[in-house]
Amino acid sequence: MGEPRMIAILQWTTLAVCALVAIARIPSALRGENRSIFGVFVLSTLAILLSIDVSYLAIDSWLGSENYTNLILRFVVYGTVLLAGYRIAKAFDAQTSIRLIIGPAGLGVLTVIGIATLGLFLAADTTGSVTGLTTLPARSPENAALIEWYAAAGRLYPSFVAACILPATYLAIRRRLPFAIRIGALLLTVAFAAMAFGSFYPLIPSEAGYLKAVINYTAVLCLALGLAFVWISSLMAKRRASRV
């Protein structure tokens, strides 16, 4: 199987999983139950949609072919990671992770990275729609450096949240919890480990660049499946309680 085809299959599979779980969550969201989790799935679906060639190029063409779609994608990812990290930390009662993510330090990190992301994007020449932006033809060494720094800033916040939450999800695997929750914790650990690895993308050789996409979509897919397992476990617990 060729690398582009493999990545396309992973993209569409991840999109389908996120969209289906988001749709399945609509009734409970309308009842006011865990709307933030519904928000995570909606944002994840949007993020995947904005990263697929066909939809990215169509949306960016409408926005003027300046790669503003990539900038929107960055902030959608930040929102997804913030909301997912907080809700998962709360689900596993990880008070330290909660303080790190939504406390002054965590919000300060988000603010600095958000400003840096916007500033670097506006400073760079981003004319010409290119999915991923980093493959944009280099117009000058300075512009290439700005785009690389912009990409690095985009990886920093997911890596930060992942580092905050990984201890909680890893420890949950070994606790005496329902099987579905432990499976969910395992998948979430894989997801956040993949996010944390994003900071090391510059170490991946150019000929193996496809691994970046594989890692990214694996992270989102495992995040969606992990949350789904935790949700299924909570539904099973409610049913058992109602029977009692």
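Predicted model only: the values in this text are computed from it and were never measured. (Residues numbered from 1 in each chain as written. Predicted model: local features only at pLDDT ≥ 70, side-chain atom pairs only at ≥ 80, totals over all residues. Heavy atoms only, no water.)

Student: What should I look at first to understand helix H4 (residues 53-62) in this one?
Tutor: Turn by turn, an α-helix covers 3.6 residues, leaving residues three or four places apart pointing in a common direction. Those residues of H4 that fall on the buried side of the exposure criterion are Ser55, Tyr56 and Asp60. Taken end-on, H4 shows its buried residues confined to a sector of 120°, consistent with a single buried face. For H4, exposure combined with an orientation more than 90 degrees from the buried face picks out Val54 and Trp62. Phi turns positive one or two residues past the end of H4, at Gly64, with a value near 110°. (Buried < 20%, exposed > 50% of the residue type's maximum accessible area, 1.4 Å probe, protein only. Helix = DSSP H or I, 4+ residues; strand = E, 2+ residues; numbered from the N terminus. Arc of directions from axis to C-beta.)

Student: How do you make sense of the side chain of Asp60 when you look at a structure like this?
Tutor: Here Asp60 is to be found in helix H4. Only 2.8 Å separates the side chain of Asp60 from the backbone nitrogen of Asn67, close enough to count as a polar contact. (Polar contact = N/O pair within 3.5 Å; in protein donor to acceptor, adjacent residues only side chain to side chain.)

Student: What exactly am I supposed to notice about the confidence of the model for the protein chain here?
Tutor: Interpretation of the predicted coordinates at a detailed level should be avoided for regions scoring low in pLDDT. Of the residues in the protein chain, 95% have a pLDDT of 70 or more, and the chain-wide mean is 89. Taken element by element, the predicted model of the protein chain shows its lowest mean pLDDT in helix H10 (residues 210-243) (81) and its highest in helix H7 (residues 104-123) (96). (pLDDT = per-residue confidence, 0-100.)

Student: Help me out: how do you make sense of the environment of Ala172 in this one?
Tutor: Its place among the elements puts Ala172 in helix H8 (residues 141-174). By relative accessible area, which is 0% here, Ala172 ends up buried. Sequence-distant contacts of Ala172, that is, excluding residues within four places in its chain, are made with Phe92, Leu177, Arg182 and Ala185. (Contact = heavy atoms within 4.5 Å.)

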